[in-house]
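Here are the chains, one letter per residue:
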Amino acid sequence: MNIIGTGSALPKKIVTNGMLSEFLDTSDEWITTRTGVKSRHVISDEKLEDLAIKAALKALDDASISAADLDFIICSNVVNEYVTPQLSCIIQGGIGAACPCMDINCACAGFIHALEIAESFYKAGRVNKVLIVCAEEPTRMTDWNDRSTCVLFGDGAGAAVLGPGENIRSIKLSASSATDKLWQYRLLHPTPYITKEECDVPLQMKGQDVFKFAVKAASGDISRTLAEVSVDPDQVDHYLVHQANTRIITAIRNYLHQPDEKFPVNITDHGNSSSSSCPILLDECSRAGRFNEGDLIVMSAFGAGFVSGAVLFKW
Ligand code: ACO
């Protein structure tokens, strides 16, 4: 399986740290030094599905194929305005595809989980062209009066088209249940048989626990991914790490003893866009001409669950 096209789309509204400090007890200095985020793109009058469709169409164009050529669509999403139908069906209609599709919710590690699923389809000989779309609006999950969470996130969509090939060298996924560290409740409709009090709760996060998990999981996933195919960290040309916090990225880089130049970042002006973060970064690096043919790329992501994963692929 090879990645043969990428695309991304961001909401037009840009919210700077200065704008947040107008209504929150925070500052550009605190947010920048603790997270690396200076501004983020936030959904306003757009719909997430429109961003997803835009990113998908750009990826199809980049791959020089049409929606009719697709055999499967996998959409990674945590929340959107529909409980049902799944977002992938909305994207399928929006781009004019006719293939089967499914949604997955693997939090910020969704893109790598989608790659693993697609890889098994390829190995089974069931597909020729697959579209992965990650579309996320975490700014709709947080309490905008909670300075410890809302400053971290931004919205967006990233997509990749896959074709046959041998460029995916190794993928490793992990999960360890820790549901009290990062979670959100949805309010379901009452029934005559529900007796407990229910309320909807915005995103809750134990930041330092998430931080420690992220560094440990990413370091372990990347090491296992490289070890499986006997590749040394020094042989990797680029490390695309989930854009959650520049301090997390620095800790992973220090663990691997790798130079800063191998770790592109866009968190500065995107914030954490959950599972969209990795494919958006991939698309931006690709369009900026940052990759050469044959480069070895590691991607690593981690999120609520906890779940995490890493993949090694050739460009
Ligand atoms: N502005 C100003 N002060 C703040 C802010 C803010 N935006 N947020 C928290 N503080 C305060 C706290 O109230 C606390 O004050 P106190 O000492 O008076 O109690 C102080 O800053 C320190 O708070 P900590 O939580 O200890 O700060 P920390 O250095 O751990 O940084 C952060 C917090 C940035 C959330 C960090 O823990 C982190 O990045 N964790 C990882 C979280 C993450 O990546 N989440 C993304 C979700 S994972 C995924 O992608 C799905």
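Residues numbered from 1 in each chain as written. Predicted model: local features only at pLDDT ≥ 70, side-chain atom pairs only at ≥ 80, totals over all residues. Heavy atoms only, no water.

Novice: How would you sum up the overall build of the chain? Please name residues and give values.
Specialist: When helices and strands are tallied, the chain shows 10 helices and 13 strands. Computed over the C-alpha atoms, the radius of gyration of the chain is 19 Å, within 12% of the 20 Å expected from 2.2 N^0.38 for a compact globule of 315 residues. Across its three principal axes, the chain shows a C-alpha extent of roughly 50 × 45 × 35 Å. A buried classification covers 55% of the 315 residues belonging to the chain. Considering only contacts in the chain between residues 6 or more positions apart, those separated by 24 or more positions represent 75%. Total accessible area computed for the chain in this model is approximately 14000 Å², and 50% of it derives from carbon and sulfur atoms. Of note, the chain has its 28 positive side-chain charges centred 4 Å away from the centre of its 39 negative side-chain charges. (Helix = DSSP H or I, 4+ residues; strand = E, 2+ residues; numbered from the N terminus. Rg over C-alpha atoms; globule rule 2.2 N^0.38 Å. Buried < 20%, exposed > 50% of the residue type's maximum accessible area, 1.4 Å probe, protein only. Contact = heavy atoms within 4.5 Å. Areas by Shrake-Rupley, 256 points an atom, 1.4 Å probe, with all protein chains shown as cover. Lys, Arg positive; Asp, Glu negative; His and termini not counted. Charge placed at Lys NZ, Arg CZ, Asp CG, Glu CD.)

Novice: Talk me through the packing of helix H7 (residues 207-228) against helix H8 (residues 246-256); I want residue IDs and the actual numbers.
Specialist: Remark: H7 packs on H8, axes separated minimally by 9 Å, with the N-to-C direction vectors making an angle of 40 degrees. Considering their axes alone, H7 and H8 lie oblique with respect to each other. H8 is crossed by H7, and the crossing has right-handed handedness. Contacts between H7 and H8 involve Phe211, Ala214, Val215, Ala218, Ser219, Ile222 and Ser223 from the former and Arg247, Ile248, Ala251, Ile252, Tyr255 and Leu256 from the latter. Classifying every residue of the contact of H7 with H8 by side-chain character gives 10 nonpolar, 2 polar and 1 charged. (Axes fitted to C-alpha atoms, helices over the stretch in contact; angles between N-to-C directions. Parallel < 35°, antiparallel > 145°, perpendicular 65-115°, else oblique. Left-handed = near helix turned anticlockwise from the far one by under 90°. Nonpolar A, V, L, I, M, F, W, Y, C, P; charged D, E, K, R; others polar.)

Novice: So what's going on with the site of the ligand? Which residues, and what values?
Specialist: Neighbouring the ligand are 22 residues; Thr26, Arg34, Cys108, Gln208 and Asn245 lie closest to it. Gly207 places a polar main-chain atom, nitrogen or oxygen, 2.9 Å from a nitrogen atom of the ligand. Asn272 is positioned with one of its side-chain polar atoms (N or O) 2.8 Å from an oxygen atom of the ligand. Relative to its free-state accessible area of 1000 Å², the ligand is covered by the protein chains to the extent of 73%. Sorting the residues of the shell around the ligand by element identifies helix H2 (28-35), helix H6 (147-150), H7 and H8 as the ones contributing at least two each. (Near = heavy atom within 4 Å. Polar contact = N/O pair within 3.5 Å; in protein donor to acceptor, adjacent residues only side chain to side chain.)

Novice: Give a detailed account of the pattern of salt bridges, specifying residues and quantitative values.
Specialist: Here the idea is simple: oppositely charged side chains can pair when their charged atoms come close. By the definition in use, this model includes 15 salt bridges. The shortest N-O distance in the salt bridge between Arg147 and Asp25 comes to 3.5 Å. Separated by 122 residues along the polypeptide, Arg147 in helix H6 and Asp25 in the loop between helix H1 (17-20) and H2 bring together distant segments of the chain. Its relative accessible area of 46% is what places Arg147 among the partly exposed residues. Judged by relative accessible area, Asp25 falls into the exposed class, the value being 62%. One salt bridge in this structure joins Asp260 and Arg253, with 3.5 Å as the shortest N-O distance. We classify Asp260 as partly exposed; its relative accessible area is 47%. (Salt bridge = Lys/Arg side-chain N within 4 Å of Asp/Glu carboxyl O.)

Novice: I'd love a proper account of the sheet that holds strand S13 (residues 307-314), names of residues and values included.
Specialist: Spatially, the 4 strands line up as an open sheet ordered S8-S13-S12-S11, and their pairing is mixed. Only two strands of the sheet have a single partner each, and these edge strands are strand S8 (168-175) and strand S11 (238-241). Mean inter-strand twist for the sheet, computed between neighbouring axes without regard to direction, equals 10 degrees. Here 8 bridges tie strand S12 (residues 296-303) to S13, and the two strands are oriented antiparallel to one another. Bridge pairing in S13 places Met299 opposite Val311. (Pairing = 2+ DSSP bridges.)

Novice: How would you sum up the domain arrangement of the chain? Please name residues and give values.
Specialist: The domains assigned to the chain are domain 1 (2-166) and domain 2 (170-314). Taking only C-alpha atoms into account, the centre of domain 1 sits 14 Å from that of domain 2. Interface area for domain 1 against domain 2, summed over the two sides, is near 3400 Å², with a carbon-plus-sulfur share of 64%. The largest share of the area that domain 1 buries against domain 2 comes from Cys108, Ile112 and Met141, three residues that together contribute 19% of it. Across the domain 1-domain 2 interface, the total number found is 0 salt bridges. In this structure, the connection of domain 1 to domain 2 is made through 19 residue pairs in polar contact (both at pLDDT 80 or more). Broken down by secondary-structure element, the contributors of at least two residues to the side of domain 1 that touches domain 2 are strand S1 (2-9), H2, strand S3 (39-42), helix H3 (48-63), helix H5 (110-123), strand S6 (130-136), H6 and strand S7 (156-163). Top element by residues in the side of domain 1 that touches domain 2 is H5. It accounts for 7 residues. Residue composition of the side of domain 1 that touches domain 2, by class: 19 nonpolar, 17 polar and 10 charged. (Domains from an automatic or database assignment. Buried area = accessible area lost by both parts, 1.4 Å probe.)

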